[in-house]
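Residues per chain, in single letters:
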Amino acid sequence: MCIQKKHVKGIALSAVAVAIISQVIHTIGAIATMSFYLDPAYFPVWSKIMMPGPGAPPTEFYLLSLASSFITGLLYAGGYSLLIKAIPGKTFFTKGLNYGALLFALASIPFTLSLVLLINLPIPLIIEWAAENMLILLLAGVAIAKLVK
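The notes below deal with the structure included here. Computed from a prediction, not measured in an experiment: that's the story for all the values here. (Residues numbered from 1 in each chain as written. Predicted model: local features only at pLDDT ≥ 70, side-chain atom pairs only at ≥ 80, totals over all residues. Heavy atoms only, no water.)

## Description of helix α3 (residues 59-83)
Piece 1. Over its 25 residues, α3 extends 36 Å from the first C-alpha to the last, a length consistent with the 36 Å expected when each residue adds 1.5 Å.
Piece 2. Of all the residues in α3, the buried ones are S69, G73, Y76, A77, G78, G79, Y80 and S81.
Piece 3. Residues of α3 that are buried sit in contact with α1 (8-32), α4 (92-118) and α5 (123-147). (Helix = DSSP H or I, 4+ residues; strand = E, 2+ residues; numbered from the N terminus. Expected span 1.5 Å × (residues − 1). Buried < 20%, exposed > 50% of the residue type's maximum accessible area, 1.4 Å probe, protein only. Contact = heavy atoms within 4.5 Å.)

Next comes the structure, spelled out in structure tokens:
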């Protein structure tokens, strides 16, 4: 089983779509939960890339975030290309929602559970991140299904 040549362009476009979708939703989420980021009790938790000092993250953080989302989009779209025939649904929309739900179940839920166990962060923030990830993955799944044909 390998990625089909005809899917390469759709995979690349999907990676761009995933990067945009995740950047927009994470930005909205960060604004909605800003009180957690500004709480000095959690300053030691944030990476030096995101918060090298007080204030907004530097440009480097946003560029690395976009690159990370793009790479993630490549992986998700590549996975979709491999599984395309196994994903249930008759339209790109239902196939995409099903793929996004599968990604959420296999990636986000275990990650969220690990965060609760390993990192000293408020549970409401972790739940909000899980909700962001669910929305991102459902929208990304639809975008990927539309672009990888």
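## So, the packing of α3 against α4
Piece 1. At a minimum axis distance of 12 Å, the contact between α3 and α4 shows a crossing angle of 115°. Judged by the sense of rotation from one axis to the other, the crossing of α3 with α4 is right-handed. Here Y76, G79, Y80 and L83 of α3 come into contact with α4, specifically with K95, Y99, L103 and A107.
Piece 2. Residue classes in the contact of α3 with α4 are distributed as six nonpolar, one polar and one charged. (Axes fitted to C-alpha atoms, helices over the stretch in contact; angles between N-to-C directions. Left-handed = near helix turned anticlockwise from the far one by under 90°. Nonpolar A, V, L, I, M, F, W, Y, C, P; charged D, E, K, R; others polar.)

## Points about the side chain of N133
Piece 1. With respect to the element layout, N133 can be found in helix α5.
Piece 2. With relative accessibility at 19%, the residue N133 sits in the buried group.
Piece 3. Apart from the residues within four sequence positions on either side, N133 is in contact with H26, F104 and S108.

## Observations concerning a nonpolar patch on the surface
Piece 1. A cluster of nonpolar side chains, contributed by V16, I20, V24, I28, F70, I71, L74 and L75, occupies part of the molecular surface with about 710 Å² of accessible area.
Piece 2. Among the elements of the structure, α1 and α3 are those that each provide at least two residues to the nonpolar patch.
Piece 3. Note on placement: L74 falls in helix α3. (Patch = residues over 30% accessible without salt bridge, like charges linked within 9 Å, V, L, I, M, F, W, Y side chains within 5 Å. Areas by Shrake-Rupley, 256 points an atom, 1.4 Å probe, with all protein chains shown as cover. Salt bridge = Lys/Arg side-chain N within 4 Å of Asp/Glu carboxyl O.)

## Thoughts on the packing of aromatic side chains
Piece 1. What the rule picks out here adds up to four aromatic pairs.
Piece 2. Consider the rings of W46 and W129, whose centres lie 6.2 Å apart with planes at 65°: the pair is edge-to-face. Of this pair, W46 sits in the loop between α2 (34-38) and α3 while W129 sits in helix α5, placing them 83 residues apart in sequence. By the burial criterion, W46 is buried, and W129 matches it.
Piece 3. Put simply, the rings of Y37, W46 and W129 touch in pairs and so form one group of aromatic residues. (Phe/Tyr/Trp six-rings, centres within 6.5 Å; stacked < 30°, edge-to-face > 60°.)

What is shown is where atoms sit, not what they do.
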